[in-house]
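Read off the chains here:
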Amino acid sequence: MYTRIFSGFNLEPYLLGSNDPGLRHQLGLTADHFVIGKIARLFKLKGHADLLSAFARILPQIPQARLLFVGDGRLRGDLENQARGLGLADKVVFAGLVPPPKFPVMSG
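What you see is a predicted model; the values in this text were computed from it and never measured.

Q: How should the packing of helix H2 (residues 48-58) against helix H3 (residues 76-85) be read in this particular structure?
A: How two helices sit against one another is set out by the angle between their axes and by the gap between those axes. Closest axis-to-axis distance for the H2/H3 pair is 10 Å, and the angle between their directions is 15°. The orientation of H2 relative to H3 falls into the category roughly parallel. Our pair here, H2 against H3, has a crossing hand that is right-handed. Residue-level inspection shows His48, Ala49, Leu52 and Ser53 of H2 in contact with H3, the latter providing Leu79, Gln82 and Ala83. Here the residues of the contact of H2 with H3 are counted per class, giving four nonpolar, three polar and no charged.

If you want it as structure tokens, here you go:
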């Protein structure tokens, strides 16, 4: 029912990510949260709304899951409204636009 679409950008810098407790704290995430992240411009055809819908379906099975959007765009308000409408406002983090060197990938 879901598919993964590979991106055309260089993944190398993200493969060396580490679990940064300080960054987790800054984003309102705890060590117990299972973070599902997406780095992309908040724009149509990027699948953010679909990801929110899918997240709402898996959250009952993985209550410690949190959804992290890194990026910004004209759909941010709509996506925030969708998250609130699905009862996910406290489970979804909108980090905004963050330059890659300032946002190491969290693993674990």
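The rest of the description comes next.
Q: Looking at this model, I keep getting lost on H2. Mind explaining?
A: Each α-helix turn comprises 3.6 residues. Residues three or four places apart therefore point the same way. For H2, the set of buried residues is His48, Leu52, Ala54 and Phe55. In an axial view of H2, the angular spread of the buried residues amounts to 165°, which keeps them on one side of the axis. When the buried face of H2 is taken as reference, the exposed residues oriented beyond 90 degrees from it are Asp50 and Arg57.

Q: I would appreciate a short explanation of the nonpolar core in the present structure.
A: One recurring pattern in soluble globular proteins is that nonpolar side chains are buried together. In this structure, Leu52, Phe55, Leu67, Phe69, Leu88, Val92 and Phe94 are the most contacted members of the largest nonpolar core, which totals 13 residues. At the level of elements, H2, strand S2 (65-70), H3 and strand S3 (92-96) are the ones that each hand at least two residues to this core. With three residues, S2 is the single largest residue contributor to this core. Apart from the residues lying within four places of it in its own chain, the contact partners of leucine 88 are Leu52, Phe55, Ala56, Leu59 and Ala83.

Q: How do you make sense of the sheet that holds S3 when you look at a structure like this?
A: Note: strands within a sheet are paired through backbone hydrogen bonds, in either parallel or antiparallel orientation. The three strands lie next to each other as S1-S2-S3, forming an open sheet whose pairing is parallel. Strand pairing shows two members of the sheet lacking a second neighbour, strand S1 (34-39) and S3, which therefore form its edges. Adjacent strand axes in the sheet meet at a mean angle of 20° when their direction is disregarded. Here S2 runs beside S3; their pairing, made up of four bridges, is parallel. Of the residues in S3, the one forming a bridge with leucine 68 is valine 93. The strands touched by H2 are S1, S2 and S3; relative to S2, the strand with the most contacts, the crossing angle is about 170°.

Q: Is there a simple way to think about the pairing of S1 in this case?
A: Taken residue by residue, a regular strand's side chains alternate between the two faces of the sheet. Alignment of S1 against S2, held across six bridges, turns out to be parallel. Residue pairing in the sheet places lysine 38 in a bridge with phenylalanine 69 of S2. Between the parallel elements S1 and S2, the chain passes through H2 in a crossover that is right-handed.

Rules used in this analysis
Position numbers for residues count from 1 along each chain, tracking the sequence in the order it is written. Residues qualify for local features only when their pLDDT is at least 70, as the model is predicted, and side-chain atom pairs are given and counted only at 80 or more; totals for whole chains, interfaces and linings, by contrast, use all residues. Note that the side-chain values use all heavy atoms of the structure and ignore hydrogens as well as water. For helices, the fitted axis covers only the stretch in contact; all axes are lines through C-alpha atoms, and the angles between them, taken along N-to-C directions, range from 0 to 180 degrees. Helix numbers and strand numbers start at the N terminus; a helix is a DSSP run of H or I with at least 4 residues, a strand a run of E with at least 2. Convention used here: angles under 35 degrees read as roughly parallel, angles over 145 as roughly antiparallel, angles from 65 to 115 as roughly perpendicular, and any remaining angle as oblique. By definition, any crossing whose near helix is turned counterclockwise from its far helix by less than a right angle is left-handed, and any crossing with a clockwise turn is right-handed. Only heavy atoms matter for contacts: two residues are in contact if any of them lie within 4.5 Å across the pair. Gly falls in the polar group here, along with every residue not listed as nonpolar (Ala, Val, Leu, Ile, Met, Phe, Trp, Tyr, Cys, Pro) or charged (Asp, Glu, Lys, Arg). Relative accessibility decides the category of a residue: with a 1.4 Å probe and only protein chains considered, values under 20% of the type maximum give buried, values over 50% give exposed, and everything between is partly exposed. Working note: the arc is built from the helix axis to C-beta atom directions. For the purposes of this section, nonpolar cores are sets of buried Ala, Val, Leu, Ile, Met, Phe, Trp, Tyr and Cys residues that join through side-chain atoms within 4.5 Å. A strand pair is defined by DSSP finding two or more bridges across the two strands. Handedness of a crossover is defined as follows: orient the strands so they point away from the viewer, and if the path from the first strand over the helix to the second runs clockwise, the crossover is right-handed.

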